[in-house]
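# Commentary on secondary and tertiary structure
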Amino acid sequence: MRGWHIGKVFGINLEINYTWLIIFGLIFMSVSSELSDATREVPQHQLWLAALVTTVLFFVSLLLHELAHSVMAIRLGMKVSRITLFVFGGVAQISHEPRSPGVEFKVAIMGPLMSLFLAVMFGLLDKAARAAGAAPIWTFSCHWLAVINALLAGFNLLPAYPLDGGRVLRSILWASWKSLERATRVAATIGEWFGYTMVAFGFLQIFTGAVGGGIWMLALGWLLAMMAKASNQRVQIEHTLGDIYVHDLMSSPVATIPADIDLDHAAHAYFLSARFTAFGVEDHGSIIGLVRMDDLQAVPRERWLMTTVREVTRPLDPEKMTITADREAVEAMMKMAENNAGRLLVTDYAGSIIGIISQSDIMRLVRVKGGLGI
Ligand SMILES: [Zn+2]
């Protein structure tokens, strides 16, 4: 999930996804109505100012929660490329799965600890403001921020993977069972059921009249269940692909198409006759990129005779489109998912292209191994 870039802290890009505007608006409205209930005869402009400051501080709290995870992750040698705020809060893009239970525990616990710390800070600020005789609207705003941060800490500590508490649980199970796969299965299954329970409660709320809160609960529960399910599947795939390498699954050599033939010729003489969905594009003996079936589809049929393969070729970007043959198949899967690519070109040590590996090659193996139960 990407968004607008708003700044950079500790080398981490901070981004806001457009869905976040919805939640910003909702929180702003709910804070202003709570503020006007809690305080008497405050001018409208002051009410809006207080609601705006409170809403902004709420998002700063969310950012600090994610930053706490990220800073610990960086200290422990992981890479964090960005933090994105979106409709359900924040998410830090931490580059890979933790290497040990200890690392996972430390990274997971930091977020809720930060939220607890913020809850205490806003609580103290509330007390201090009261003692100093500040206007009720500002003490109420501190009180609200203290409560919301305490709720954030509490919710995130629920032992439902991939919530922070679920990660803490997984790290403990992982340490005692010495099996990441088994620990993830249990923590993610709890996460999934917890998500479905929230969905059920959401429906119940909707039918008893609390439509807004019900829809919120339902959506959050569904997201949690889906994320838990995806983690479960990913770990199973990683387990299945345990000691399989790219060179075990690649097709070699790469089927190629000359760069300067027209699309009509390419469709009939290459795509149809070989029945592959992608080819390397060859120019003077070297591969300059990839051409896929949908690259042809994007060109209107009547222009096929006038368009060369070179014009629709996706130029070779070694960072995103290649992987070396001695890497694990799991890594190839992850690289494809990150770059939204269905296949990667495989290179040897010297960087020359020796084959191609596709997502369907990998998934076929996962299905067969799964079907045989080995
Ligand atoms: Zn967190």
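Residues numbered from 1 in each chain as written. Predicted model: local features only at pLDDT ≥ 70, side-chain atom pairs only at ≥ 80, totals over all residues. Heavy atoms only, no water.

### Considerations on the overall build of the protein chain
This is how the line gets drawn: Each helix is a run of DSSP H or I of at least 4 residues and each strand a run of E of at least 2, with the numbering of both proceeding from the N terminus. Put simply, the radius of gyration uses C-alpha atoms, and a globule should come to 2.2 Å times the residue count raised to 0.38. Three exposure classes are used, based on accessible area relative to the maximum for each residue type with a 1.4 Å probe and protein chains only: buried under 20%, partly exposed in between, and exposed over 50%. Working rule for contacts: check all heavy atoms of both residues, and any pair within 4.5 Å makes them a contact. Methods summary: accessible areas were calculated by the Shrake-Rupley approach with a probe of 1.4 Å, and residue burial reflects only the protein chains presented. The charge count includes Lys and Arg as positive and Asp and Glu as negative, but it does not include His or the ends of the chains. Positions of charges follow a simple convention, taking NZ of Lys, CZ of Arg, CG of Asp or CD of Glu.
Looking only at helices and strands, one finds 14 helices and eleven strands in the protein chain. In terms of overall size, the protein chain is more extended than a compact globule, its C-alpha atoms giving a radius of gyration of 26 Å where 374 residues would be expected to give roughly 21 Å. With the C-alpha coordinates aligned to their principal axes, the bounding extent of the protein chain is approximately 80 × 55 × 45 Å. By residue count, 42% of the 374 residues in the protein chain fall in the buried class. Counting contacts in the protein chain only where the partners sit at least 6 residues apart, residues at least 24 apart contribute 60% of the total. Surface accessibility of the protein chain: about 20,000 Å² in total, with carbon and sulfur atoms responsible for 64%. If you average the places of the 30 positive and of the 31 negative side-chain charges in the protein chain, the two averages end up 6 Å apart.

### Brief notes about the pattern of salt bridges
Keep this limit in mind: In what follows, salt bridge is the name for a side-chain nitrogen of Lys or Arg lying within 4 Å of a carboxyl oxygen of Asp or Glu.
Taken as a whole, this structure holds ten salt bridges when the rule is applied. E181 is the partner of R185 in a salt bridge, and the nearest nitrogen-oxygen pair spans 3.0 Å. With a gap of four residues between them, R185 and E181 both fall in helix α6 (residues 180-207), about one helical turn apart. We classify R185 as partly exposed; its relative accessible area is 35%. Between R310 and D260 there is a salt bridge whose closest N-O contact spans 3.1 Å. Highlighted residues: R310 in helix α11 (residues 309-312) and D260 in the loop between β5 (256-258) and α9 (263-274), separated in sequence by 50 residues. Since its relative accessible area comes to 35%, R310 is described here as partly exposed. The network of salt bridges with shared partners includes D260, D283 and R310.

### Let's talk about the coordination of the zinc ion
Stated formally: Donor selection uses N, O and S atoms within 2.8 Å of the metal (3.2 Å for Na, K and Ca). Since no water is included, sites may look incomplete. By the criteria applied here, four donors are tetrahedral when all angles lie between 85 and 135 degrees, four are square planar and six octahedral when opposite donors are over 155 degrees apart and every other angle lies between 65 and 115, and any other arrangement is irregular.
Surrounding the zinc ion are the protein donor atoms H65 (NE2), H69 (NE2), D164 (OD) and D164 (OD), which sit 2.0 to 2.7 Å from the metal. Taken together, the four donor atoms coordinating the zinc ion span angles of 54 to 149° at the metal, a pattern that classifies the geometry as irregular. Between consecutive donors of the zinc ion, the numbers of intervening residues give the motif H-x3-H-x94-D. Of the two residues, H65 and H69 both sit in helix α2 (residues 44-75), four residues apart, roughly one turn of that helix.

### Details of the environment of H268
Rules: Polar contacts, as used here, are pairs of N or O atoms within 3.5 Å; protein pairs need one atom able to donate a hydrogen and one able to accept it. Residues neighboring in sequence count only if both atoms are side-chain atoms.
As for its placement among the helices and strands, H268 is situated in helix α9. Sequence-wise, H268 and I22 are 246 residues apart; in three dimensions their C-alpha atoms are separated by 49 Å. Looking at H268, its side chain comes within polar contact range of the main-chain oxygen of D264, at 3.0 Å.

### Re unusual backbone geometry
In the segment running from Y161 into P162, the intervening peptide bond is cis, with an omega of 5°. Residue placement: P162 occurs in the loop between α4 (136-156) and α5 (164-177). With omega at -5°, the peptide bond leading from S252 into P253 counts as cis. Summarising the element assignment, P253 is placed in the loop between α8 (246-249) and β5. Of note, K178 is a non-glycine position whose phi angle comes to about 60°, a positive value.

### Remarks on the pairing of strand β11 (residues 353-358)
Selection rule: Strands were regarded as paired on the criterion that DSSP finds at least two bridges between them.
Taken together, the five bridges between strand β10 (residues 343-347) and β11 define a ladder with antiparallel strand orientation. Each bridged residue has a counterpart across the sheet, and for V346 the counterpart in β11 is G355. The hairpin turn running from β10 into β11, its antiparallel successor, is five residues long, and G351 in that turn takes a positive phi close to 95°.

### Looking at the domain arrangement of the protein chain
Spelled out, the test is: Those domain boundaries reflect an automatic or database domain assignment.
Along its sequence, the protein chain is carved into domain 1 (4-240) and domain 2 (246-372). Each of domain 1 and domain 2 was reduced to a C-alpha centroid, and the two centroids are 40 Å apart.

### Here we look at helix α1 (residues 20-38)
Side chains three or four residues apart in an α-helix point the same way, a direct result of the helix having 3.6 residues per turn. Test applied: For a helix, the expected span equals 1.5 Å multiplied by the residue count minus one. Within this analysis, the arc is defined by the directions that extend from the helix axis to the C-beta atoms.
Between its first and last C-alpha, α1 extends 27 Å over 19 residues, near the 27 Å set by a 1.5 Å rise per residue. For α1, the complete set of buried residues consists of W20, I23, F24, I27, V31, S32 and L35. Buried residues of α1 fall within an arc of 160° about the axis and therefore sit on the same side. The outward face of α1, more than 90 degrees from its buried face, is lined by the exposed residues I22, M29 and D37. Buried positions along α1 lie against β2 (12-16), α2, β3 (80-86), α4 and α7 (211-240).

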